[in-house]
Amino acid sequence: MLDASVLFSPVDQMGGVAKPQALPSPSAQDVMRFEHILNQGTAGTDAVIPATQQDTQLLQLKPTVEPGTTDFKQAAINTISDIDGSYHRMLDQLSNMPKFNEFMAEKLGSPEKSGMRTYPEVSAERAGDGQKQLQSMVKNSQDYMGATLEYNSMMTHWSMNANMWMGKFSLISSAVNQVAQGFKTLFRTGG
C-alpha cells in the first residue's frame, strides 16, 4: 500500500505551483495478480467474480432482515390487523351484550305474580308471615342491587376497553400523521 503523502510534493502543500508527480510503477507480482483476478476471478483465498462475465450482476442485494426479526412494513401490517381485530371484538361484545331487562330477568328470574290479597288471606294465623315477607323483600332488594351492580360492572368494563382502544387508535394515528408531516417537510426542503 502506498502512503498518500508521496503523491503530493512539499510545494503543493504550501500552496505553490507544482509539477505533476508521477506514480511509482507497480510491481510485477501486483500486475500478475490483477490480471489473474480479471481472468479467473479468484485472488488467493477470496473468491472474486471475474470482470469478464458481463451477464451476471455485480451488485446483488441480500435481505438484511434476520430470521428472528421483522421489518417495519410487516410490523405496521401486524399492528393494523391487531387494531382491526380488536375493533371487531369490541363491536361483537357490544352486540352480544344483553339489554338491562333481559339481564335482570335472567339473573333474578321472572317476578312472581301475586294476586290481590283479600280478607281471608289477612288472617290472624298469617300475621307471623310479615317477618318472612320482610326478609323476602330485603333479599329480593339485595339480589336486584347485586344484579344491577354486575350489569353496571359489565358495561363499565366494556366502556373502559372501548376508551383504551380509542386511545391506542389516536396514538397510532397521531404517530402516522407525524411521520407524514416529516416526509412532507423533508420533500419540501429537498426541492
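Reading the values: rules and limits
Residues numbered from 1 in each chain as written. Predicted model: local features only at pLDDT ≥ 70, side-chain atom pairs only at ≥ 80, totals over all residues. Heavy atoms only, no water. Helix = DSSP H or I, 4+ residues; strand = E, 2+ residues; numbered from the N terminus. Buried < 20%, exposed > 50% of the residue type's maximum accessible area, 1.4 Å probe, protein only. Contact = heavy atoms within 4.5 Å. Areas by Shrake-Rupley, 256 points an atom, 1.4 Å probe, with all protein chains shown as cover. Phe/Tyr/Trp six-rings, centres within 6.5 Å; stacked < 30°, edge-to-face > 60°. Salt bridge = Lys/Arg side-chain N within 4 Å of Asp/Glu carboxyl O. Core = buried A, V, L, I, M, F, W, Y, C linked by side-chain atoms within 4.5 Å. Expected span 1.5 Å × (residues − 1). Patch = residues over 30% accessible without salt bridge, like charges linked within 9 Å, V, L, I, M, F, W, Y side chains within 5 Å.

**Q** Before we move on, could you go through the overall build of the protein and cite the residues and values that matter?
**A** Within the protein, the secondary structure is distributed over five helices and two strands. In the protein, the succession of α and β elements from N to C terminus is α-α-β-β-α-α-α. Of all 191 residues assigned to the protein, the portion counted as buried reaches 8%. For the protein, long-range pairs separated by at least 24 residues make up 53% of all intrachain contacts whose partners lie at least 6 apart in sequence. For the protein, the exposed area adds up to about 17100 Å²; of that, 60% sits on carbon and sulfur atoms.

**Q** Explain the packing of aromatic side chains to me, using residue names and the numbers behind them.
**A** Counted by the stated rule, this structure contains five aromatic pairs. With a centroid separation of 5.3 Å and 70° between ring planes, the pair formed by Phe100 and Tyr151 is classed as edge-to-face. Taken together, the residues Phe100 in helix 4 (residues 100-108) and Tyr151 in helix 5 (residues 129-190) connect sequence positions 51 residues apart. On the accessibility criterion, Phe100 (30% relative accessible area) is partly exposed. For the ring pair Trp165 and Phe169, a centre distance of 5.3 Å and an interplane angle of 10° mean the geometry is stacked. Of this pair, Trp165 and Phe169 both sit in helix 5, four residues apart, which is roughly one turn of that helix. Look at Trp165 and you get buried, because its relative accessible area is 12%.

**Q** Outline the pattern of salt bridges, listing residues and values.
**A** This model, assessed by the stated rule, comprises two salt bridges. Between Asp143 and Lys139 there is a salt bridge; the shortest N-O distance is 3.0 Å. Of this pair, Asp143 and Lys139 both sit in helix 5, four residues apart, roughly one helical turn. Residue class for Asp143 comes out partly exposed when judged on its relative accessible area of 32%.

**Q** If you had to explain the nonpolar core to someone new, which residues and values would you point to?
**A** Counting six residues, the largest nonpolar core is built from Ile83, Met90, Met97, Trp158, Ala162 and Trp165. With three residues, helix 5 is the largest single contributor of residues to this core. If sequence neighbours within four positions are ignored, Met97 has contacts with Met154, Met155 and Trp158.

**Q** Requested: an account of the environment of Met97, with residues and values cited.
**A** Turning to its location among the elements, Met97 is positioned in the loop between helix 3 (72-96) and helix 4. When its relative accessible area of 15% is taken as the criterion, Met97 is described as buried.

**Q** Explain helix 3 to me, and be specific about the residues and the numbers.
**A** For helix 3, which comprises 25 residues, the first-to-last C-alpha distance of 36 Å matches the rise-based estimate of 36 Å (1.5 Å per residue) to within 8%. Here helix 3 has its buried residues at Ile83, Ser86 and Met90.

**Q** I'd love a proper account of a nonpolar patch on the surface, names of residues and values included.
**A** Taken together, the side chains of Val179, Phe183, Leu186 and Phe187 define a hydrophobic patch exposed on the protein surface, amounting to about 440 Å² of accessible area. Topologically, Phe187 is positioned in helix 5. Using a relative accessible area of 60% as the deciding quantity, one classes Phe187 as exposed.

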